[in-house]
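Observations on the three-dimensional arrangement
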Amino acid sequence: MKKDDYIPLFESKAAGWRGVYWFYAISMAVSVSLICIHRVMHFPHQKGLARWAWIGISMAELWFVTYWIITQFARYRAVSRYTFKDRLSRRYEDGLPCVDIFVSTADPQLEPPLMVADTVLSLMAYDYPPEKLSVYLSDDGCSDLVFYALYEASKFSRVWLPFCRSFNVELRAPNAYFSAVKELPSDDPSLAKEWREVKKLYNEMEAQITDIMKLGRVPDHLRKHHKGLREWESGVSRSNHHTILQVLIDGRGNKEVDIEGKPLPMLLYLAREKRPGYAHNFKAGAMNALIRVSSRISNGSIILNLDCDHYSNNPQSVRDALCFFMDEKQGHNIAYVQHPQKFDKE
Ligand SMILES: O=c1ccn([C@@H]2O[C@H](COP(=O)(O)OP(=O)(O)O[C@H]3O[C@H](CO)[C@@H](O)[C@H](O)[C@H]3O)[C@@H](O)[C@H]2O)c(=O)[nH]1
Ligand SMILES: [Mn+2]
């Protein structure tokens, strides 16, 4: 590409509402200056407690002002960023990089396995070539309940991914989708039929996972469903166990397909080895373990990291991030992209 031919994959524009920010910043700066003048004018000339109090108050104010100035560095030139995914697709659709997605969970009571399954499904359903996508779940709680939920999610993905694709579903976490779309979304008979079937299967999965949670264990008749559950037969406890690594969907060779015959992304479960007396370093330790494991399996050049309670509400998120990394001019300076977070109201 010649120098002048450069057409960016993203652009940054000054964020809106800058006038409000400058009004706030300037009025704050003026107020702070007035406080300083006031302090100097009221210096207590007599030694004693009043002077020490003056010194204490002035020091505290000085530190607050210093902290405030530092925080303004991140705010005074706020920008909004816009990506051009159509350009990304035109230039790189056949050469898109492999992406490894890391999700972490740590406690099936605090982070319900059904929620973990929803999050994982929203990631598997990204609008991205499935053979280039691998989803890894790290379970620091080392729970067979979580493993079973992931197994159910792997089965449900075979209908959920084609459904999202065919009807261009925006919210690809099934729970969020079915909470938002409570009635039949249109009178198109093919959509109506498929919607009912997919919702029925989702409700079955939900019931199955809710039942095992109530029971507190995976019952024997379900343990037969996946050989991975045998890993829990040898006295595994949360803080003392061997490594459990299970491939639920092996994306290699496009052997595993959805109900439309399209390949599925890879899906893996990892409970890293834990022994008493060793520091495991919480989420950071889990991410390190996933980097080591994924480097031997899919070794994607891009890593996307989410907590299990952060489902993806935009199927284009991976492509958005790639617009930053793959921009010919500015991409070399970018190592990290943070997506905005939204919080669902309870
Ligand atoms: O031993 C642990 C403890 C936690 N986690 C996971 O780490 C994530 C964050 O932990 P949590 O206790 O839920 O922290 P939050 O305050 O909810 O999360 C915020 O704060 C964390 C710590 O700064 C960041 O890592 C998160 O991305 C950020 O959303 C969750 O997915 C956990 O499952 C583990 O994998 N192993
Ligand atoms: Mn959390």
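Computed from a predicted model, the values in this text were never measured in an experiment. (Residues numbered from 1 in each chain as written. Chains lettered and ligands numbered in written order. Predicted model: local features only at pLDDT ≥ 70, side-chain atom pairs only at ≥ 80, totals over all residues. Heavy atoms only, no water.)

Some words on the site of ligand 1
Near ligand 1, the surroundings consist of S104, T105, A106, E111, D140, F282, K283, A286, D307, C308 and H310. Between ligand 1 and S104, the relevant distance is 2.8 Å, taken from an oxygen atom to a main-chain nitrogen or oxygen of the residue. Protein contacts shield 52% of the accessible area of ligand 1, which totals 680 Å² for the unbound molecule. Those elements giving two or more residues to the shell around ligand 1 turn out to be β3 (99–105) and α9 (282–297). For the shell around ligand 1, the element with the most residues is α9, which contributes three residues. (Near = heavy atom within 4 Å. Polar contact = N/O pair within 3.5 Å; in protein donor to acceptor, adjacent residues only side chain to side chain. Areas by Shrake-Rupley, 256 points an atom, 1.4 Å probe, with all protein chains shown as cover. Helix = DSSP H or I, 4+ residues; strand = E, 2+ residues; numbered from the N terminus.)

So, the sheet that holds strand β5 (residues 244–249)
Taken together, the five strands give an open sheet; going across it, the order is β5-β6-β4-β3-β7, and neighbouring strands pair in mixed fashion. For this open sheet the edge positions go to β5 and β7 (302–307), each flanked by a neighbour on one side alone. The sheet shows a mean angle of 20° between the axes of neighbouring strands, taken without regard to direction. (Pairing = 2+ DSSP bridges. Axes fitted to C-alpha atoms, helices over the stretch in contact; angles between N-to-C directions.)

So, the packing of helix α1 (residues 18–41) against helix α2 (residues 49–73)
Remark: α1 packs on α2, axes separated minimally by 11 Å, with the N-to-C direction vectors making an angle of 160°. Of the possible angle classes, the one that applies to α1 and α2 is roughly antiparallel. Once α1 is placed against α2, the crossing between them reads as left-handed. The segment α1 lies against α2, with Y21, Y24, A25, M28, A29, V32, I35, R39 and V40 engaging W54, I57, S58, E61, V65, W68 and Q72. Here the contact of α1 with α2 is composed, by residue class, of 12 nonpolar, two polar and two charged. (Parallel < 35°, antiparallel > 145°, perpendicular 65-115°, else oblique. Left-handed = near helix turned anticlockwise from the far one by under 90°. Contact = heavy atoms within 4.5 Å. Nonpolar A, V, L, I, M, F, W, Y, C, P; charged D, E, K, R; others polar.)

Quick notes on the pairing of β3
Of all seven residues that make up β3, seven are buried, and the element is covered over most of its length. Neither face of β3 is open: one carries V99, I101, V103 and T105, the other D100, F102 and S104, and all of them are buried. Bridging between β3 and strand β4 (residues 133–139) involves seven bridges; their strand directions are parallel. The residue bridging D100 from the neighbouring strand is S134, located in β4. Regarding topology, helix α4 (residues 113–124) serves as the crossover connection from β3 to the parallel β4, and that connection is right-handed. Across six bridges, β3 lies against β7 in parallel orientation. Bridging across to β7, S104 finds its partner in D307. (Buried < 20%, exposed > 50% of the residue type's maximum accessible area, 1.4 Å probe, protein only. Right-handed = clockwise from strand over helix to strand, strands pointing away.)

Structural notes on the domain arrangement of the protein chain
Each assigned domain of the protein chain is listed here: domain 1 (11–79) and domain 2 (84–333). A separation of 47 Å is found between the C-alpha centroids of domain 1 and domain 2. (Domains from an automatic or database assignment.)

Structural notes on unusual backbone geometry
Backbone geometry places W17, a non-glycine residue, at a positive phi of 60°. Along the polypeptide, W17 turns up in the loop between β1 (10–14) and α1. The backbone of N168 shows a phi angle near 45°, a positive value even though the residue is not glycine. Take N168: it is sitting in the loop between α5 (144–166) and α6 (174–180).

Quick notes on the packing of α5 against helix α7 (residues 189–215)
Running from N to C, α5 and α7 point in directions that differ by 180°, and their axes come no closer than 10 Å. Between α5 and α7, the interaxial angle falls into the category roughly antiparallel. Along the contact surface, α5 presents L145, Y148, A149, E152, A153, F156, V159, W160 and F163, while α7 presents L191, E194, W195, V198, L201, Y202, M205, Q208, I209, I212 and M213. Class assignment of the residues belonging to the contact of α5 with α7 gives a composition of 17 nonpolar, one polar and two charged.

Some details on a nonpolar patch on the surface
On the surface, a nonpolar cluster with roughly 1,100 Å² of combined accessible area is contributed by W22, I26, V30, L34, I37, M41, I69, I70, F73 and Y76. Within the residue set of the nonpolar patch, elements represented by two or more residues are α1 and α2. Tracing the chain through its elements places I69 in helix α2. Looking at I69, the relative accessible area reads 42%, which means it is partly exposed. (Patch = residues over 30% accessible without salt bridge, like charges linked within 9 Å, V, L, I, M, F, W, Y side chains within 5 Å. Salt bridge = Lys/Arg side-chain N within 4 Å of Asp/Glu carboxyl O.)

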